[in-house]
Each structure stands twice: as structure tokens, then as C-alpha cells.
Amino acid sequence: MSRWAVLPAELDPRVRQLVVRLRRLKDHSGLSLRQLAARTGYSPKSWERYLGGRSLPPREAVEALARALDEDPTRLLALHEVATEAWGSRRAETAMPTEPEILSSEVTDANGSRSPGRSLHVALVAGAVALVLALSTAVLLVMRMSGEEHRPPSTPLAATAPSAPASPSRSAPPYTCRLERIDGRWYAGISPTRGAILANGHAGPDVAEAQCLLRRAGISPGNIDGIFGPVTEDAVKREQRRAGLVVDGIIGPHTWKALRR
């Protein structure tokens, strides 16, 4: 059994779940990183990054690992899909330096010394940007004040702004379960899917269908709201445990089959 390094604390839980699963498969196979690389076509260094949580493995690498270890790739790919979404969100949050930071960076010439001409140019550009922003703000302020002057006195200021639509309450489920048994399978009348991959963080009619079927099986998924949260995930795990499936909290073809029978 390998002694793995601790995963980075900032790693998203959904990415962490994928990495932990890949580590377990690698340990169970007894293969070294070099042997794993020979079977999958991805270098030992690549697998070291993937299994260390420093880089997200591509979908093809996950499929190659599943084939090499004679593992069903369906659940791994479901975990990879969720991890990819989380990884993309994380990278989007890492913004590039703002414009003032770029403009204030020191400019040097080819010899490594600071160039006064370039510095002056950068300062002028920064000043122009600041001036444009100031003028834009002033114009918007004048337009707003002008609009308020022409507003009828009897009309309250707050009344002129359209009210934002109220967000749907999680306590008022928008879905209704209409359970019906067709050709030996249970359906809730929301979605006919039998193979959609669902995990924590997903939402929609497929999730609501699964929630209805969980409730029919005597396991409470919380509200029938179409939102795959921790309560629904716990209910899925309980159903998987009862059906003798892999307990990972992810709904795939095998879990759908257990829910609809």
C-alpha cells in the first residue's frame, strides 16, 4: 500500500473525491507509477501530478486507467465530469492582474535597466484610463440626477425600480411525484431517464425523478426540489448500500436500475 502525500488543503472536495478514488484503484492494482504509465500511455510524472492533486487528469487518462485495471469506467467518468466542472470554476476564480497592477509594473530595457521613456508612456496611459473612468462616472451621475428631477414628486423613488422576482423557496417543491409502474419499472412522471449521471451539485428534472423514487423506496431525499444536495446524496448512498452497489453517492445506470425496479 502506497503512502500518499496529503492532498492540498485548497483542493475542491469534488476533485479530491476523484483523486482519492484513483489512488485506491492504483493501490489495489499493486502497480508502480512506471507500470501504470506503461499500461496507460501517460508518463510516471503525469500520474504523479494527477494522483497528487496538482493537475486534473484528462478524460482519456481516466478511461485508460479504467481499461488497464479492468474497471468499469462509468463511475470514474462521472466523478471526472463533476471534478472538471469544479476545476474550471477554481481556475476562473484565479483572475489575471488588474489593469492598474499591470500598468504599475516596472518597465526595463534590453539591458535590464529601467527605461524612463517607457515608464513615462505607461504613466500617460494609466492617467488616460483614470481620466476616462472619471468622466464616465460623472456622466452617469448627471444622467441619474436629471432623471430624478423629472420624476413626479408623488412617485416614491423606490417605486420606480422594478422589483426583483422572488427566488423560489426550497421549502416549496416545484415537482410533483406521479408514481406509475410501467413494464415492471417505477416512474415518477418527471423524467424517463435510466442512465443519466447525477452527483452532488447537479439540478433538474432528472434529480427530481430520482428523489421521487428514493422516497418511494422509503428513503427520504429531503424536498422533491430537483437539487442534488447532501441530503439527497446520503439517501442515494443508503439505497446503494441496500442494493449491494458501490457506495459513492453518484447515480448512474446501476443505481437507476435499483431505483426503478
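Up top is the structure these notes are about.
Residues numbered from 1 in each chain as written. Predicted model: local features only at pLDDT ≥ 70, side-chain atom pairs only at ≥ 80, totals over all residues. Heavy atoms only, no water.

Novice: Describe the side chain of R260, and please don't skip the residues or the numbers.
Specialist: Checked against the element boundaries, R260 lands in helix α11 (residues 253-260). Overall, R260 belongs to the buried group, its relative accessible area being 1%. A polar side-chain atom of R260 sits 3.1 Å from the main-chain carbonyl oxygen of S191. (Helix = DSSP H or I, 4+ residues; strand = E, 2+ residues; numbered from the N terminus. Buried < 20%, exposed > 50% of the residue type's maximum accessible area, 1.4 Å probe, protein only. Polar contact = N/O pair within 3.5 Å; in protein donor to acceptor, adjacent residues only side chain to side chain.)

Novice: Quick rundown of the packing of aromatic side chains? Include the residues and the values.
Specialist: Taken as a whole, this structure holds two aromatic pairs when the rule is applied. Measuring from centroid to centroid gives 6.4 Å for Y42 and W47, while their planes differ by 75°, and the two rings are edge-to-face. For Y42, a relative accessible area of 23% gives the class partly exposed. Arranged with centres 5.3 Å apart and planes meeting at 85°, the rings of W47 and Y50 form a pair that is edge-to-face. One end of the pair is W47 and the other is Y50, both in helix α3 (residues 44-51) and three residues apart, which spans about a single turn. For the pair formed by W47 and Y50, the shared burial category is buried. Taken together, the aromatic side chains of Y42, W47 and Y50 make up a single cluster linked through ring pairs. (Phe/Tyr/Trp six-rings, centres within 6.5 Å; stacked < 30°, edge-to-face > 60°.)

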